[in-house]
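Results of the structural survey
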Amino acid sequence: MLKLDNMDRARVDRLGALTAHVVEHALASGLAWDEAILAFGIAARALAMKASDQGAGAPEQCAAQAERRLKSGMTQSADVLRAWLG
């Protein structure tokens, strides 16, 4: 189950729905699973740079935060996806 600090249920639901959407598209992409993981890392970097452009911090700070969040996500249980991937 997700262990997302003090995050409210609605936010956890949005994270689960987005995650399920991403997984479904990754599986349908024709990429190998590890290539899809590489794409997630690239997407995380792109999101971090966009956040930096919008004033969230220096590029290095946003990239470091993205890396921490990716690592945190890897500690979560994938069981949460059952509700969305059914």
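The structure we're discussing is the one just above.
Cut-offs and rules
- Residues numbered from 1 in each chain as written.
- Predicted model: local features only at pLDDT ≥ 70, side-chain atom pairs only at ≥ 80, totals over all residues.
- Heavy atoms only, no water.
- Helix = DSSP H or I, 4+ residues; strand = E, 2+ residues; numbered from the N terminus.
- Contact = heavy atoms within 4.5 Å.
- Expected span 1.5 Å × (residues − 1).
- Buried < 20%, exposed > 50% of the residue type's maximum accessible area, 1.4 Å probe, protein only.
- Arc of directions from axis to C-beta.
- Patch = residues over 30% accessible without salt bridge, like charges linked within 9 Å, V, L, I, M, F, W, Y side chains within 5 Å.
- Areas by Shrake-Rupley, 256 points an atom, 1.4 Å probe, with all protein chains shown as cover.
- Salt bridge = Lys/Arg side-chain N within 4 Å of Asp/Glu carboxyl O.

This paragraph deals with the side chain of S52. For S52, the location among the structural elements is in helix α2 (residues 33–53). Filtering out sequence-adjacent residues up to four positions away, S52 remains in contact with G57, A58, P59 and C62.

For the rest of this paragraph, the subject is helix α3 (residues 59–74). Taking 1.5 Å per residue, 16 residues should reach 22 Å; α3 reaches 23 Å between its end C-alpha atoms and fits that length. All of the buried residues along α3 are C62, A63 and A66. Axial view of α3: buried residues confined to an arc of 100°, hence all on one face. Facing away from the buried side of α3, by more than 90 degrees, are the exposed residues E60 and K71.

This part covers a nonpolar patch on the surface. On the surface, L18, V22, W33, I37 and F40 cluster together into a nonpolar patch covering about 520 Å² of accessible area. Broken down by secondary-structure element, the contributors of at least two residues to the nonpolar patch are α1 (9–28) and α2. No other element matches the three residues that α2 contributes to the nonpolar patch. Along the chain, the position of I37 falls in helix α2. Judged by its relative accessible area of 44%, I37 is partly exposed.

Here the focus is α2. The terminal C-alpha atoms of α2, which comprises 21 residues, lie 30 Å apart, in line with the 30 Å expected from a rise of 1.5 Å per residue. Of the positions making up α2, those classed as buried are A36, A44, A48 and S52. The buried residues of α2 all sit within an arc of 170° when viewed along its axis, so they share a single face. Seen from the buried face of α2, the exposed residues on the opposite side, beyond 90 degrees, are L38, I42 and D53.

Now for the pattern of salt bridges. Under the defined criterion, the tally for this structure stands at two salt bridges. As a salt-bridge pair, R9 and D13 come within 3.3 Å of each other at their nearest N and O atoms. Highlighted residues: R9 and D13, both in helix α1, separated by four residues, approximately one helical turn. A residue is classified by how much of its surface remains accessible, and D13, at 30% relative accessible area, is partly exposed. In this structure, the salt-bridge partner of K71 is E67, at a minimum N-O distance of 3.2 Å. Of this pair, K71 and E67 both sit in helix α3, four residues apart, which is roughly one turn of the helix.

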